[in-house]
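# Structural overview
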Amino acid sequence: MVLDPNTNELVTFLAQRNVMDGILYEPRLYTQLFDFTDPDQVRPLASDDAVFRNGEQYPVRITHLVAAIRDTGVVQTRDPRFVQRFGVRLRAHDTYYMNDEFCLLPLFHNTVTSAAEVVSRSVSSWTFAHPTYMGARDGFEVKLALEYGVSAQFEESIRVWVTFHGVGAISRRPKQLTGYKDFVPADGTAIRAIPIEFYRNDGTEPLEVTGITVHVQAADGLVGADPSGNIRRVKLSVRQSGNGTNQRWTATPTSEPGNLVPASLWGLTTGRCVVHELPENDNYPGWLWYPNEGLTVEVMPNPNVDRAVYVGLVGHICVK
Amino acid sequence: MFRPTPFQRDDDRFYYEPRALWSVGRVNSALPDQTAAKPAGFLTLPKEDFKNPSRYPIRITHACISPVGYLFANWVAQNPNKAAQYDQAMSSLGRMRIAIAFPKRSWIERVNTDVMSFGTVPTADLEPALDRRSGLFGISRWTFPESYLLPRKASIEIILSTISTYRTDDPQVDVPACVIVHERGGRMLGHGRWRRPAPLEYAPNVAVAGAAWPAGQTPIVGDFFANLNNLVANPQGQVFPPSQKWPSSDYNRQLGSRGLDYTEVQGFGVHIDQIDYDDALDKSVNGPGDIAPIAQRIITKGRTRDAGTGEQWWRDGAPLSLVTPTMTPAFVHKFAQPFELGPGEGIEVGLQPPPPRTVQPPDADPIIIASSYNVGVSFCGYAVVQDDCKKVYR
């Protein structure tokens, strides 16, 4: 069938294909902050029961472990290198990974994620293992907040860009949905949203969304300072509105409002976090969690390390 | 991530054991020509170092070229009066040239090739976004191109050497290091057996004229800021002190195989916690740029105990950066097609230093300063071993 591109015939044809069948994949990030900044903190710390657990009705395949130090904005506790001084073990069914002792986090880092020096400071990029489908007129709801607010004394505003990459499901043409939010001192650490209009699929065909990129620009008003931004300063959460599961892609403890996950942990492809790709079995990478399955993450710092570290498990939900 | 090929359980004929052939040398453009046909300072690394000494063929997958024994990674101070120091940091690797000939004098290129012109693969640790610090994670890693089959009760030994001290005030703070061996299989699909973190011992500052890099041929005198000791032994004369060994009892206690007849070893990683060292060195030495990773200053040995060929995976003394081609501070080239070295076959490697530099001091005549540089070269891969005994393990 040859369609005339100058008539509505093509539009109608494409619109009819907004409904697709097959398996739908959506990214999932399960993250918890393990805070040892209180010297009296119990060591080691175990994750909350509900965080690293599949709370949905479809199976989830976990493919990566990620970790990064929390950027507090305070010189004494923000040094990202201290991720080297935390040991982690994962426990499921009384079996431990990678060892029943706490192996240091850099030993998990088995994926090269280093972009150019001036890039990786401000950018996290994640190319999904499977593209997620976005129907026509669907949108992404992006919420984000700063780890520490914009300083009214030294900074004016910080712009955060969040971009989704993809291709048209029919036309196979590249598409990009980009939005941004300017944080000003009055925002503090409150949760803000990027207007969904930035991310609406206004085309006539579904999109295969293949990845996400987060970019944090340097603060305006910092004359003479390093003009590269700081990706560790932002955390965000994403939900697809329209088709799909309509669930947030992120899971955190209930004490974390908005299910926000640090932008540095979204950098599985290029970024600034420890990225551990789980081993595969029969060509299927990682672990399959059926509903209500999960595990416990335990973190142990070296003595006298008073930092807070994020640990996350990353994968995708598979919806038939 | 580059994944090793899973072991084919119906393949009874072969198993694959990691191998690295390496050498370290110092090139110096002030040295006289070896022959009239070669440029000044051209150094041919010892052929014996790149010869396959075993009775099994070795399949080479990667080449690593690494600066060796440097305190600083790069120069950021642009001071013409300090041009003598120009080739005294890791980053001068880009001014080197290399010539490689495979068996039967098959040269990889007709002219001595710029080192950086070999295609490289991403292998870097992240930069820490902090001035002058060496790296974010301090990790070196080798994910084997082929899984290595390890029988039950056998163990792997990766040992790190002492750290050689410098003539300048080396901070000598604790530098803990640990090693992990990644295995495949089991309920969680994988497992890691590790040698717990322990501080590396420092070697004393005893200069021995003409002493060689361990198992190498050419004295290493370090960079401008300090003389790297040629000997890297502790006061007891031990390059690999007992405190840094990895007992087989400790390896086996961790039960990676969980009672299986054998486990698939997929690679190993080495973590060097350089945080305190970097911070202390930054305060004590007014260096020119980023502090270099210690992975190019310490040496290693690796082998299998109670199984395998019984051979060393590489000659003792290889800098860590030369035997970790997956993550390393070295330059890594991945061969498009792995090539084989039969028993007794070897590779020839020649190194050409940067040309001498002409320096114009203020109010004086120009002077010519020779360039010299410490560099190591390795070829990493695996031995293909015909296994007549594997049925015993099953």
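Structure's up top.
Read on for a plain summary of the structure. (Residues numbered from 1 in each chain as written. Chains lettered and ligands numbered in written order. Predicted model: local features only at pLDDT ≥ 70, side-chain atom pairs only at ≥ 80, totals over all residues.)

### Quick notes on the overall build of chain A
Under the convention used in this document: Strands here are runs of E lasting at least two residues and helices are runs of H or I lasting at least four, both read from the DSSP assignment and numbered beginning at the N terminus. We compute the radius of gyration over the C-alpha atoms and compare it with the globule rule, which gives 2.2 Å times the number of residues raised to the power 0.38. The exposure scheme places C-beta atoms from the backbone and then counts, for each residue, the other C-beta atoms within 10 Å of its own, assigning buried at 20 or more, exposed at 12 or fewer, and partly exposed in between. A pair of residues counts as a contact when their C-beta atoms, built from backbone coordinates, are separated by no more than 7 Å.
Within chain A one finds 2 helices and 21 strands. In summary, chain A has a C-alpha radius of gyration of 20 Å against a globular reference of 20 Å for 320 residues, a match within 12%. Seen through its principal axes, chain A has C-alpha atoms that stretch 70 × 55 × 35 Å. The burial tally for chain A puts 48% of its 320 residues in the buried class. Partitioning the contacts of chain A with sequence separation of at least 6, the portion at a separation of at least 24 is 78%.

### Section: the interface of chain A and chain B
Taken residue by residue, the interface counts 27 residues in chain A and 34 residues in chain B. Where the side of chain A that touches chain B is concerned, the elements lending two or more residues are β5 (95–97), β6 (103–104), α2 (117–120) and β16 (274–277) of chain A.

### Points about the pairing of strand β4 (residues 86–92) of chain A
Moving residue by residue along a regular strand, the side chains alternate between the two faces of the sheet. Residue and element names in this part refer to chain A. What counts, and what does not: DSSP-based pairing: two strands are paired if at least 2 bridges between them are found.
In this structure, β4 lies alongside strand β20 (residues 296–301), joined through 6 bridges in antiparallel fashion. By the bridge assignment, L90 is partnered in β20 with V297. Alignment of β4 against β6, held across 2 bridges, turns out to be antiparallel. Residue pairing across strands places V88 opposite C103, the latter belonging to β6. Where β4 and β5 come together, 3 bridges link them in antiparallel fashion. Residue L90 lies in a different strand from β5, and its bridge partner there is Y97. In sequence, β4 turns back onto β5 through a hairpin of 2 residues, with H93 there showing a positive phi of about 55°.

### A look at the nonpolar core
Note that soluble globular proteins tend to have their nonpolar side chains buried in a common cluster. Quick note on the threshold: Nonpolar core, as used here: buried Ala, Val, Leu, Ile, Met, Phe, Trp, Tyr and Cys residues forming one set through C-beta atoms within 7 Å. Where a domain begins and ends is set by an automatic assignment or by a domain database.
Counting 172 residues, the largest nonpolar core has A67, V88, L236, V274 and V309 of chain A together with A20 of chain B as its most contacted members. The element contributing the most residues to this core is strand β20 (residues 372–386) of chain B, with 8 residues. Two domains share this core, each providing at least three of its residues, namely domain 1 (25–62 + 74–113 + 285–320) and domain 2 (116–248) of chain A. The residues touching V309 of chain A, leaving out its near neighbours within four places in the chain, are F34, A67, I69, R70, V83, F86 and V299 of chain A.

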